[in-house]
Amino acid sequence: MNANARIRLTMLAVAIAAGLASCSSSADDAVREQMRDTLVQSKQTGEPSANLDTPSGQSDEDSSREAVQTGQNAPFTALPPESEPLSLIAEIPDRDIRLYGAPDGVVLQVGEHVQAFEWDYMTPRGIMPVMHAADYDADGEEELAIDLHIGSGTGIAVDELHIVEFDETDRMEDHVFAESDYLAQLEEQLKFRVVSRDRDVLGEITVGSRTHHVNLAAFASEEYGKILDRLIYGSIVWFEASPQKLTAEIAVGVGIETFATPQYIGTVQADVTYRNGRFYLRNIAFEPYPEYIVS
């Protein structure tokens, strides 16, 4: 993100914080909700804004933007004139926690406190973020788990998992389960080799102390070339956040010498634990796709 984009995103967060602070008393709840309605460009049905083909998730409802810019809701006149409207993309209404999509990232509101983050959150598939609050690290305090869909395309579907630690002050501390981190953990736990059994060609996958075999006969051809002795993963990654637990599901493929893309043979499923700002894959298990199960 360039410097101008970062400044615009920060100005949006500051403007929202100023507006919420000016309406913090219970007597101003109705005004506060009206201000949120002006900011939120998503439909009341919960559907995302009309244009989901860009990371901004912005819509063409210019009348709502004009209401903010012209001071119809006075506390938000601090928004820069060139600002795009915000979209409500996830919320926990009973906790007064909301996540807004902005042109250059997101704005997270927890009660009266607001902070901008430089996150991608949308692809042309229009999969909305998922947000829950729970004590994920068992420290006696709740954190926010936010699951974002950040990558889509042919052979690509990638989620990104964030934990945001917060308190009654304005502290919001973001921790992301980085791709390099979970791929390194998988690399350490998964072992693979091609083996022959009678006339069958099998893939032998070891996860911890457990060994699985998959049938690779479909790829055992001189025309296809060699089956490579390594697993391929990282292009299809799903995280699931719920109030009870965090989980991961990652597609696993094999490389074929003459194939440009991996041939997916199953998934790795794991629990995700979070401690002291770090993420860990636990209880890792491999599940083959039905067509590759050894009979």
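Residues numbered from 1 in each chain as written. Predicted model: local features only at pLDDT ≥ 70, side-chain atom pairs only at ≥ 80, totals over all residues. Heavy atoms only, no water.

Participant: So what's going on with the sheet that holds strand 4 (residues 113-117)? Residues and values would help.
Facilitator: Read across the sheet, four strands follow the order 1-2-3-4 without closing on themselves; strand pairing throughout is antiparallel. With one partner strand each, in any of the chains shown, strand 1 (87-92) and strand 4 form the two edges of the open sheet. Adjacent strand axes in the sheet meet at a mean angle of 20 degrees when their direction is disregarded. (Pairing = 2+ DSSP bridges. Helix = DSSP H or I, 4+ residues; strand = E, 2+ residues; numbered from the N terminus. Axes fitted to C-alpha atoms, helices over the stretch in contact; angles between N-to-C directions.)

Participant: Account for the packing of aromatic side chains, naming residues and giving values.
Facilitator: The full count for this structure, using the stated rule, is nine aromatic pairs. Each ring, one from Tyr-224 and one from Phe-259, has its centre 4.9 Å from the other, and the planes form 80 degrees; the classification is edge-to-face. With Tyr-224 in the loop between strand 11 (210-215) and strand 12 (227-241) and Phe-259 in the loop between strand 13 (246-256) and strand 14 (263-275), the pair connects residues that are 35 residues apart, well separated along the chain. Phe-259 sits in the partly exposed class, given a relative accessible area of 27%. Members of the aromatic cluster, each reached through a chain of ring pairs, are Phe-177, Tyr-182, Phe-239, Tyr-274 and Phe-279. (Phe/Tyr/Trp six-rings, centres within 6.5 Å; stacked < 30°, edge-to-face > 60°. Buried < 20%, exposed > 50% of the residue type's maximum accessible area, 1.4 Å probe, protein only.)

Participant: Account for unusual backbone geometry, naming residues and giving values.
Facilitator: Despite not being glycine, Asp-96 shows a phi value in the positive range, around 55 degrees. The phi dihedral of Ala-138 is positive, around 55 degrees, even though this residue is not glycine. Mapped onto the secondary structure, Ala-138 falls in the loop between strand 5 (130-134) and strand 6 (143-153).

Participant: Help me get a handle on a negative patch on the surface, residues and values and all.
Facilitator: Residues Asp-135, Asp-139, Glu-141 and Glu-168 make up a contiguous surface patch of negative charge. Summarising the element assignment, Asp-139 is placed in the loop between strand 5 and strand 6. The partly exposed category is assigned to Asp-139, whose relative accessible area is 42%. (Patch = residues over 30% accessible without salt bridge, like charges linked within 9 Å, V, L, I, M, F, W, Y side chains within 5 Å. Areas by Shrake-Rupley, 256 points an atom, 1.4 Å probe, with all protein chains shown as cover. Salt bridge = Lys/Arg side-chain N within 4 Å of Asp/Glu carboxyl O. Lys, Arg positive; Asp, Glu negative; His and termini not counted. Charge placed at Lys NZ, Arg CZ, Asp CG, Glu CD.)

Participant: Provide a residue-level description of the nonpolar core, including the pertinent values.
Facilitator: Grouped together as the largest cluster of nonpolar side chains are 39 residues, with contacts concentrated most on Leu-231, Ile-265, Val-272 and Leu-281. Breaking this core down by element, the ones donating at least two residues are strand 7 (156-166), helix 4 (179-189), strand 9 (190-197), strand 10 (200-207), strand 12, strand 13, strand 14 and strand 15 (278-288). Setting aside residues up to four positions removed in sequence, Leu-281 forms contacts with Phe-177, Tyr-182, Gln-185, Leu-186, Ala-248, Ala-270, Asp-271 and Val-272. Core analysis: the second largest hydrophobic core is formed by 20 residues, Ile-92, Val-106, Trp-119 and Met-172 among them. (Core = buried A, V, L, I, M, F, W, Y, C linked by side-chain atoms within 4.5 Å. Contact = heavy atoms within 4.5 Å.)

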